[in-house]
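Commentary on secondary and tertiary structure
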Amino acid sequence: MYKEKYKRIRFNVEFGPASLFERVRFKMKNVEKLYMNGEHFQARVKDRNIPDAVLNRLQHFDINQWSLMTASVRKDRGKFVDSTWEIVVDEVRYWVTIGLGNYITTVVVKETSGVEKCVREGEFYDFVEQVNRKLMDEDLSSMGG
């Protein structure tokens, strides 16, 4: 089984940094297909009784129908490795975490905000802002924008 060999730090869209969340949206804007065949994801769907209505929405992912909530970055590079998106179905909040390669890693019924686990300021926050601002500038420049 694959095991990550790097430390991850989580950020919340409410607190930024703005460039990180701009980058996540930029990279995810054309994603339509998500991979839902991972063992961990399938176990969570079963254990948490995730309804078909939520799974059906994941069949044709559209960032305009979901709200970006968090992003985790590699501590050593400042680049995002996963993003978590929210959708409300039948008045229940569901958070889906999408990792590299557009694989869904988990799904939860969200009852708390989770902001207490997110970086809000400091040296690492500034580092992530700089890394992602540079990446966005490079991407937009190469597109002629």
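Read on for an overview of the structure.

Rules used in this analysis
Residues numbered from 1 in each chain as written. Predicted model: local features only at pLDDT ≥ 70, side-chain atom pairs only at ≥ 80, totals over all residues. Heavy atoms only, no water. Helix = DSSP H or I, 4+ residues; strand = E, 2+ residues; numbered from the N terminus. Rg over C-alpha atoms; globule rule 2.2 N^0.38 Å. Buried < 20%, exposed > 50% of the residue type's maximum accessible area, 1.4 Å probe, protein only. Contact = heavy atoms within 4.5 Å. Areas by Shrake-Rupley, 256 points an atom, 1.4 Å probe, with all protein chains shown as cover. Lys, Arg positive; Asp, Glu negative; His and termini not counted. Charge placed at Lys NZ, Arg CZ, Asp CG, Glu CD. Salt bridge = Lys/Arg side-chain N within 4 Å of Asp/Glu carboxyl O. Phe/Tyr/Trp six-rings, centres within 6.5 Å; stacked < 30°, edge-to-face > 60°. Lys NZ or Arg CZ within 6 Å of the ring centre and 35° of its normal. Pairing = 2+ DSSP bridges.

**Topic: the overall build of the chain**
A tally of helices and strands in the chain yields 4 helices and 5 strands. When the helices and strands of the chain are placed in sequence order, the string is β-α-α-α-β-β-β-β-α. For 145 residues, the compact-globule formula gives about 15 Å, and the C-alpha radius of gyration of the chain, at 15 Å, lands near that figure. Overall, the C-alpha framework of the chain stretches about 40 × 35 × 35 Å when taken along its three principal axes. Evaluated residue by residue, the chain yields a buried proportion of 43% over its 145 residues. Intrachain contacts of the chain at a sequence separation of at least 6 include 62% that bridge at least 24 residues. Put simply, the chain shows about 8,900 Å² of open surface, and 47% of that area lies on carbon and sulfur atoms. Distance between charge centroids for the chain: 6 Å, based on 24 positive and 22 negative side chains.

**What about the pattern of salt bridges?**
Going through the model one piece at a time under the given rule, you end up with 8 salt bridges. D76 is paired through a salt bridge with R74; the nearest N and O atoms lie 2.8 Å apart. Note on D76: relative accessible area 48%, which makes it partly exposed. Between E129 and R133 there is a salt bridge, and its shortest N-O distance comes to 3.9 Å. Here the residue E129 and the residue R133 both occupy positions in helix α4 (residues 123–142), the gap between them amounting to 4 residues, near one helical turn. A cluster of three or more residues bridged by salt bridges with shared partners is formed by E22, E129 and R133.

**Quick word on the packing of aromatic side chains**
Counted by the stated rule, this structure contains 6 aromatic pairs. Joined through ring pairs, the aromatic side chains of F11, F124, Y125 and F127 make up one cluster. Between the NZ or CZ atom of R74 and the centre of the ring of Y6, over which it lies, the distance is 4.2 Å. Between the NZ or CZ atom of K110 and the centre of the ring of W95, over which it lies, the distance is 4.5 Å.

**Quick word on the pairing of strand β5 (residues 104–109)**
Across 5 bridges, strand β4 (residues 92–99) lies against β5 in antiparallel orientation. Within β5, the residue paired with W95 across the bridge is V108. Joining the antiparallel neighbours β4 and β5 is a turn of 4 residues, in which G101 adopts a positive phi near 75°.

On their own, these measurements won't tell you what the molecule is for.
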